[in-house]
Each structure stands twice: as structure tokens, then as C-alpha cells.
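Take a look at the letters that make up each chain.
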Amino acid sequence: EAQVTQNPRYLITVTGKKLTVTCSQNMNHEYMSWYRQDPGLGLRQIYYSMNVEVTDKGDVPEGYKVSRKEKRNFPLILESPSPNQTSLYFCASSRNLYNEQFFGPGTRLTVL
Amino acid sequence: AQSVTQPDIHITVSEGASLELRCNYSYGATPYLFWYVQSPGQGLQLLLKYFSGDTLVQGIKGFEAEFKRSQSSFNLRKPSVHWSDAAEYFCAVGARNTGKLIFGQGTTLQVKP
């Protein structure tokens, strides 16, 4: 089944404790992207990747890192999480920017 | 830089009534435009998209949208709403030749029986 998977789905952590949210797609998509969703703000793009080893900042990249070492995986790293990073995070992939993005199920992160 | 505005945060319509959700964008050239829908507790699903050509685009679930360059708008329409259309709707604009995609704040649609 074609899908985008994210892990974990739920995470409660404390300020400053490094964490990684994994994202994997099995559709051989070149484009992948991370978003955060907050009430009243819609989705905001954190980082995107047009292809392996190519990443670029979205609208809200501060406090996040990403890597794209292989086509299928695009992990999101929070080196020192803070409470303002409490949010719902979505990973998405598509053949390219001009095609439909397929979204993962979301990761609900709470930073205490 | 591109931006998107969805002026209506919340809309309530009666089942069977027509629907129009507004989307205004700001971008220096012809953008790529999308409408996505998010049902409660779910991820997002593409309804339709516009890149070029015919300015009236048809999507899934009976939705359509019209690109109006002069008004910088890409409004979503449906002639007859069903209770299952209750969801949050997002307009998004993509910049050509980059990977950036900007979403609007979203419009929550409530459908009255």
C-alpha cells in the first residue's frame, strides 16, 4: 500500500531533550516536506527536500533540522525542543511540487 | 514571497445548499494553486489543483474552483453540499521553481441537517 509513515504518532517530552520524528514513504517520491499545524495558523512549512541531499528552508525552520540521505526517508530533528514547538506535525511526499502531496498521519508533539 | 488568505474562518451551510470558500493569494507570477481538505483527526487530501490552462478546474467529490488572475483569487465551489463535506479546507499556493508551499489559515465548514 502506498503510504507515508511517521513515528512516533504521539510524543511528550521535556525542554531541551533532543528528539527525532521519522518519516518514510514507499512511493519513490522525489519531493518531501515537513509541516506543523497550529490552531488558527493552518499548516506552515518547516523544511522541504526536492531530492536526495537537497533540502531547503520553508517558512518556519528555526529550531528544526532535517536530512535526506536516502530518497524514502526524511527525518525531522529537534536538537533542543522548547514549549513553543508543541504542535501537530505532518510529513508529506509527492512526485514533485506540482503533484498531489500525500500526507502522513501526523505526530502530536508536546514539549513540557 | 507568496502568501494566502482565507477570509472565512468558519462557514455553516445547510445540507443541499451551494458552497463557496474564498481564497486570495499574493504572488508575483502565475502560481500553482491547490485546495486540500482535512476531515477531523485525518491527514490532508487533495481536492484539486491549478497550474495553467483552463481557469475552471474540476476536482474530486464534486468540487470545482476558478482561477481569477485579475482578482488574485482561487475560490472553491460546490453546487450541493453533503453532510460528509463537513471538514477543514485549506487553500495553498506554490512558487514555481522552488519547493515552497504556503497554506492559508483554513476554513472550517459545518453542515446543518
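Here the residue numbering is sequential within each chain, running from 1 through the sequence in written order. Throughout, the order in which chains and ligands are written sets their labels, letters from A for the former and numbers from 1 for the latter. Note on the predicted model: pLDDT of at least 70 is required for a residue's local features to be given, and 80 or more for side-chain atom pairs to be given and counted; whole-chain, interface and lining totals, by contrast, use all residues. As a convention, hydrogens and water are excluded, and side-chain values are obtained from all of the structure's heavy atoms.

A.B. asks: Even after reading the chapter, I still don't get the state of the cysteines, so can you show me in this structure?
C.D. replies: Any covalent bond linking the sulfur atoms of two cysteines counts as a disulfide. Residues and elements named next belong to chain A. When two cysteine sulfur atoms lie within 2.5 Å, the pair is treated as a disulfide. With the rule as written, the count across this model stands at two disulfides over all chains. Note on cysteine connectivity: Cys23 is disulfide-linked to Cys91, with sulfurs 1.8 Å apart. Since a negative S-S torsion denotes a left-handed disulfide, the Cys23-Cys91 link at about -70 degrees is left-handed. Linking Cys23 in strand 3 (residues 19-25) with Cys91 in strand 9 (residues 87-94), this pair joins segments that are 68 residues apart in sequence. With relative accessibility at 0%, the residue Cys91 sits in the buried group. We count a stretch as a helix when DSSP gives it H or I for four or more residues in a row; a strand needs E for two or more, and each element gets its number in order from the N terminus. Only protein chains enter the area calculation, which uses a 1.4 Å probe; residues under 20% of their type maximum are buried, those over 50% are exposed, and those in between are partly exposed.

A.B. asks: Please explain the pairing of strand 9 (residues 73-78) of chain B as it appears in this structure.
C.D. replies: If a strand is regular, its side chains alternate between the two faces of the sheet. Residues and elements named next belong to chain B. Of all six residues in strand 9, five are buried; the element is thus mostly enclosed. Of the strand pairs in this sheet, strand 8 (residues 64-68) and strand 9 are connected by five bridges, and their pairing is antiparallel. In the sheet register, Glu66 faces strand 9, and the bridge partner there is Asn75. Strands were regarded as paired on the criterion that DSSP finds at least two bridges between them. Linking strand 8 to strand 9, which pair antiparallel, is a turn of four residues; within it Ser72 sits at a positive phi near 50 degrees.

A.B. asks: I'm lost on the sheet that holds strand 8 (residues 76-78) of chain A in this one. Help?
C.D. replies: Two modes of strand pairing occur in sheets, parallel and antiparallel, and in both the strands are linked by backbone hydrogen bonds. All names here are of chain A. Taken in spatial order, the four strands of this open sheet run 1-3-8-7, and their pairing is antiparallel. Edge positions in the open sheet fall to strand 1 (4-7) and strand 7 (65-66), since each of these has one partner strand only. As defined by bridge partners, strand 7 adjoins strand 8 across two bridges and the pair is classed as antiparallel. When the sheet's bridge partners are listed, Val66 is paired in strand 8 with Leu76.

A.B. asks: I'm lost on the pattern of salt bridges in this one. Help?
C.D. replies: Close approach of charged atoms allows side chains of opposite charge to pair. What makes a salt bridge here is a side-chain nitrogen of Lys or Arg within 4 Å of a carboxyl oxygen of Asp or Glu, nothing more. The final tally for this structure, using the stated rule, is nine salt bridges over all chains. Here A:Asp59 ties to B:Lys100 by a salt bridge, and the two come within 3.9 Å at their closest N and O atoms. In this pair, A:Asp59 sits in the loop between strand 6 (54-57) and strand 7 while B:Lys100 sits in the loop between strand 10 (87-94) and strand 11 (101-103), so the two residues belong to two different chains. For A:Asp59, a relative accessible area of 44% corresponds to the partly exposed category. Of the residues examined, B:Lys100 reaches a relative accessible area of 26% and is grouped as partly exposed. Two residues, B:Glu64 and B:Arg77, come together in a salt bridge whose shortest N-O distance is 3.2 Å.

A.B. asks: Help me out: how do you make sense of the interface of chain B and chain A in this one?
C.D. replies: A common way to express how large an interface is: the accessible area buried when the components associate. Whether two residues are in contact is decided by their heavy atoms: any pair within 4.5 Å suffices. In this assembly, 22 residues from chain B lie in contact with 21 residues from chain A. By convention, the term buried area covers the 1.4 Å-probe accessible surface removed from two parts as they join, with the contributions of both added. Buried surface at the junction of chain B and chain A, both sides included, amounts to about 1700 Å², of which 57% is carbon and sulfur. Inspection of the region where chain B meets chain A yields one salt bridge. We define a polar contact as two N or O atoms separated by no more than 3.5 Å, with the added condition that, inside protein, one atom must be a possible hydrogen donor and the other a possible acceptor, whereas residues neighbouring each other in sequence contribute only through side-chain atom pairs. For the pair chain B and chain A, the interface holds five residue pairs in polar contact (both at pLDDT 80 or more).

A.B. asks: How should I be thinking about the nonpolar core in this particular structure?
C.D. replies: Nonpolar side chains in soluble globular proteins tend to be buried together. All names here are of chain B. Remark: nonpolar core denotes a set of buried residues (Ala, Val, Leu, Ile, Met, Phe, Trp, Tyr, Cys) joined through side-chain atoms within 4.5 Å. Counting 27 residues, the largest nonpolar core has Leu19, Trp35, Leu47, Leu48, Phe74, Leu76 and Tyr89 as its most contacted members. Within the residue set of this core, elements represented by two or more residues are strand 2 (10-14), strand 3 (19-21), strand 5 (32-38), strand 6 (44-50), strand 8, strand 9, strand 10 and strand 12 (107-112). Sorting elements by how many residues they give to this core places strand 10 first, with four residues.

A.B. asks: What is the right way to look at a nonpolar patch on the surface in this model?
C.D. replies: Patch rule: a residue counts if its relative accessible area is over 30% and it has no salt bridge; like charges are joined within 9 Å, and nonpolar side chains (Val, Leu, Ile, Met, Phe, Trp, Tyr) within 5 Å. Note on areas: Shrake-Rupley, 1.4 Å probe, and residue coverage restricted to the protein chains presented here. A surface patch of nonpolar side chains, about 320 Å² in accessible area, is lined by A:Ile12, A:Val14 and A:Leu112. Considering the arrangement of structural elements, one finds A:Ile12 in strand 2 (residues 10-13).

A.B. asks: Can you help me understand the packing of aromatic side chains in this one?
C.D. replies: Pairs of aromatic rings are described using the distance from one ring centre to the other and the angle between the two planes. Residues and elements named next belong to chain B. Ring pairs shown here join Phe, Tyr and Trp side chains whose ring centres sit within 6.5 Å, with only the six-membered ring taken for Trp; geometry is labelled stacked below 30 degrees between planes, edge-to-face above 60, and tilted in between. This model, assessed by the stated rule, comprises 17 aromatic pairs over all chains. Summarising the aromatic geometry, the rings of Tyr25 and Phe67 are spaced 6.1 Å apart at their centres and angled 25 degrees between planes, so their arrangement reads as stacked. Residue Tyr25 is found in strand 4 (residues 24-26), and its partner Phe67 is found in strand 8; the two are separated by 42 residues along the sequence. In this structure, Tyr25 and Phe67 share a single accessibility class: buried. Plain terms: the ring middles of Tyr50 and Phe74 are 6.4 Å apart, the flat faces sit at 45 degrees to each other, and that makes the pair tilted. A residue pair is termed long-range when its members are at least 10 positions apart, and Tyr50 in strand 6 and Phe74 in strand 9 qualify at 24 residues. Look at Tyr50 and you get buried, because its relative accessible area is 4%.

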